[in-house]
Amino acid sequence: MAGRVNRPRTAGGSSALCIWAKVARLGLTKADIAARARELKADGYGLCVASNREVLERLETRPFGVEVAALDFLGPQQADWSVADLMRVYNVLNATAFGEKGIPLQNWVMIDLGLLPSAFLLITLPLAAVPAAIAAPRLSAAARGRAEHVLSAVLAEARRLDYKGPIPVAGYCAAPTPIPGGWVGWSLCSAISGLGTTAKGLGLEIYRSRTLTGVAQFSDQGLRVHRRFGPMQIMAAVLDLHPVPHTMVYRTEVHQPDQERSPTTWMDCRDLAVQREMQAKIDAGVSRFYILSPGLVDGQVPILELAN
């Protein structure tokens, strides 16, 4: 791959490399996340972290000084709605958001891998505020359509449960590892465009994460969110064990500075041959690869190859 630079084209023929040059240096700082979280609260959104008491006591439940409600799903009910029902509704949000990929969240996974050993950071809205959020003028027609599709299923579940509590509209969860400060992200979803970055940023601060390993698809727009949190090394360019094509494993040094570099190549996100070529070099210990900002542009991923 070294030396090969493929420049993607946007509709109309203009070079997407120009887009990359404008956004590649836009790092996401802790102050950015804190400011966005405060804006969301001012706009009527709620922030909460759901887990159990023993875990909650060991987490940072005031990330960046922002108040986040701590919810113990094993504790006694403290309101006219239950944390259990909130998580049932969240399960539908997550499952609907990921259902098109064929990897909906199972209820037992949410409990065994999320609520017991870790915690879910949830962004919520009051029930009455959901329709206005779906119709927000800032959303594109496609984003409004997706929000309506996902949240219709969420609201249907709330009605089925006669649940009147806050409605989850975005969430994030990562799993702890034996590595100090090392976490594995496994659940990021958002019904409303723009909330995923804040959910992940707050979650990582709550966990006090220093490194984050994750699984993602080269073709997923979520790559743009993942790339904003620091240098992103490709640990495995091909993960055939995963049911979704073009899946890779990455590791992020959370909030560490990036060196300003140009991509070695722009890779088509569905070019399995190039992905296998990268994997062969990783296996041989010849090269290491990084995904550069912004992560995905018009179906192309900016890749940096460095010799070991």
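Refer to the preceding data block for the structure.
Just so it is clear, the model here is predicted, and its values are computed rather than measured.

J.: Whenever I open this one, the overall build of the protein confuses me. Can you help?
T.: Of regular secondary structure, the protein possesses 10 helices and 11 strands. Considering the protein as a whole, with its 308 residues, one finds that 53% of them fall into the buried category. In the structure as shown, the protein presents an accessible area of about 14300 Å², 54% of it carried by carbon and sulfur atoms.

J.: Quick question: what am I supposed to make of the side chain of glutamine 279 here?
T.: With respect to the element layout, glutamine 279 can be found in helix H10 (residues 272-284). Setting aside residues no more than four positions away along its own chain, glutamine 279 makes contact with Ala236, Ala237 and Val238.

J.: Could you clarify how one ought to interpret the packing of aromatic side chains in this entry?
T.: For any pair of aromatic rings, geometry is given as the distance between the ring centres together with the angle between the planes. The full count for this structure, using the stated rule, is 5 aromatic pairs. Residues phenylalanine 120 and tryptophan 186 carry aromatic rings whose centres are separated by 5.8 Å and whose planes lie at 75 degrees to one another, so their mutual orientation is edge-to-face. With phenylalanine 120 in strand S3 (residues 120-125) and tryptophan 186 in strand S5 (residues 182-190), this residue pair connects regions lying 66 residues apart in the sequence. Residue phenylalanine 120 is classed as buried on the basis of its relative accessible area, which comes to 0%. Aromatic pair tryptophan 183 and tyrosine 207: ring centres 4.3 Å apart, planes at 15 degrees, arrangement stacked. Of the two residues, tryptophan 183 is situated in strand S5 and tyrosine 207 in helix H8 (residues 195-207); the sequence distance between them amounts to 24 residues. The same class applies to tryptophan 183 and to tyrosine 207, which are both buried. By way of ring pairs, the aromatic residues Tyr90, Phe120 and Trp186 are connected into one cluster.

J.: How do you make sense of helix H5 (residues 107-115) when you look at a structure like this?
T.: Residues separated by three or four positions in an α-helix point in the same direction, a consequence of the helix having 3.6 residues per turn. Buried within H5 we find Val109, Met110, Gly114 and Leu115. Along H5, the residues classed as buried sweep out an arc of 145 degrees about the axis, all on the same side.

J.: Explain the sheet that holds strand S11 (residues 300-307) to me, please; I cannot follow it from the model alone.
T.: In a beta sheet, neighbouring strands pair by backbone hydrogen bonds and run either parallel or antiparallel. Taken in spatial order, the 11 strands make up an open sheet running S2-S1-S3-S4-S5-S6-S8-S7-S10-S11-S9, and their pairing is mixed. Lying at the two open borders of the sheet, with one neighbouring strand each, are strand S2 (69-72) and strand S9 (265-268). Put simply, the sheet's adjacent strands are angled 35 degrees from each other on average, direction ignored. The pairing of strand S1 (residues 46-51) with S3 spans 5 bridges and is antiparallel. Considered in S3, the bridge of valine 49 is made with leucine 121. Of the strands in this sheet, S1, S3, strand S4 (167-176), S5, strand S6 (211-217) and strand S8 (247-253) are in contact with H8, which crosses S4 at around 40 degrees.

J.: So what exactly am I meant to see when it comes to H8 here?
T.: Helix length check: H8, at 13 residues, gives a terminal C-alpha distance of 19 Å against a target of 18 Å (1.5 Å per residue), a fit within 8%. Of all 13 residues making up H8, 13 are buried, and the element is well covered by its neighbours. Once H8 finishes, arginine 208 follows within two positions and takes phi at roughly 60 degrees, a positive value.

J.: What exactly am I supposed to notice about the pattern of salt bridges here?
T.: Side chains that differ in charge, positive against negative, can pair when their charged atoms come close. This structure, assessed with the given rule, holds 11 salt bridges. Between glutamate 67 and arginine 62 there is a salt bridge, with the nearest N and O atoms lying 2.4 Å from each other. Arginine 62 gets classed as partly exposed once you look at its relative accessible area, which sits at 41%. The salt bridge involving arginine 276 is made with aspartate 240; its shortest N-O contact spans 3.3 Å. One end of the pair, arginine 276, is in helix H10; the other, aspartate 240, is in the loop between strand S7 (232-236) and S8, with 36 residues separating them in the sequence. Classification of arginine 276 as partly exposed rests on a relative accessible area of 40%.

J.: How should I be thinking about the side chain of threonine 252 in this particular structure?
T.: Along the chain, threonine 252 falls in strand S8. Residue threonine 252 is classed as buried on the basis of its relative accessible area of 2%. For threonine 252, the residues in contact, after removing those within four places along its chain, are Arg210, Thr211, Leu212, His226, Phe229, Gly230, Pro231 and Met232.

J.: Where do I start with the packing of helix H2 (residues 30-42) against H8 in this structure?
T.: In a pair of packed helices, the angle between the axes and the distance between the axes together describe the arrangement. Two numbers describe how H2 lies on H8: the axes approach to 10 Å, and their chain directions differ by 115 degrees. For the pair H2 and H8, the crossing hand works out as left-handed. Of the residues in H8, those in contact with Lys30, Ile33, Arg36, Ala37 and Leu40 of H2 are Leu195, Thr198, Gly201, Leu202 and Glu205. When grouped by side-chain class, the residues that make up the contact of H2 with H8 number 5 nonpolar, 2 polar and 3 charged.

Cut-offs used in this document
- What you see as residue numbers is a count from 1 along each chain, following the sequence as written.
- At least 70 in pLDDT is required for a residue's local features to be given in this predicted model, at least 80 for side-chain atom pairs to be given and counted, and no such filter applies to totals for whole chains, interfaces and linings, which use all residues.
- Values reported for side chains reflect all heavy atoms of the structure, with hydrogen atoms and water molecules removed beforehand.
- By the criteria applied, helices consist of DSSP H or I runs no shorter than four residues and strands consist of E runs no shorter than two, each listed in order from the N terminus.
- Summary of the burial criterion: residues with accessible area below 20% of their type's maximum are buried, those above 50% are exposed, and those between are partly exposed, where the area comes from a 1.4 Å probe applied to protein chains only.
- Using a 1.4 Å probe, the Shrake-Rupley method yields the accessible areas, and only the shown protein chains count as cover for residues.
- What makes two residues a contact is simply this: any of their non-hydrogen atoms within 4.5 Å.
- Think of it this way: a Phe, Tyr or Trp ring, Trp meaning its six-membered ring, pairs with another when their centres are within 6.5 Å, and the plane angle makes it stacked under 30 degrees, edge-to-face over 60, tilted otherwise.
- By definition, the arc is the one covered by directions from the helix axis to the C-beta atoms.
- At least two DSSP bridges between two strands are needed for those strands to be called paired.
- Axes here refer to lines fitted to C-alpha atoms; in helices the fit is confined to the stretch in contact. Angles between the N-to-C directions go from 0 to 180 degrees.
- In a helix, the anticipated span is given by 1.5 Å times the number of residues less one.
- Here a salt bridge means any side-chain nitrogen of Lys or Arg lying within 4 Å of a carboxyl oxygen belonging to Asp or Glu.
- Crossings are assigned a handedness: left-handed for a near helix turned anticlockwise from the far helix by less than a right angle, right-handed for a clockwise turn.
- Under this grouping Gly is polar, as are all residues other than the nonpolar Ala, Val, Leu, Ile, Met, Phe, Trp, Tyr, Cys and Pro and the charged Asp, Glu, Lys and Arg.

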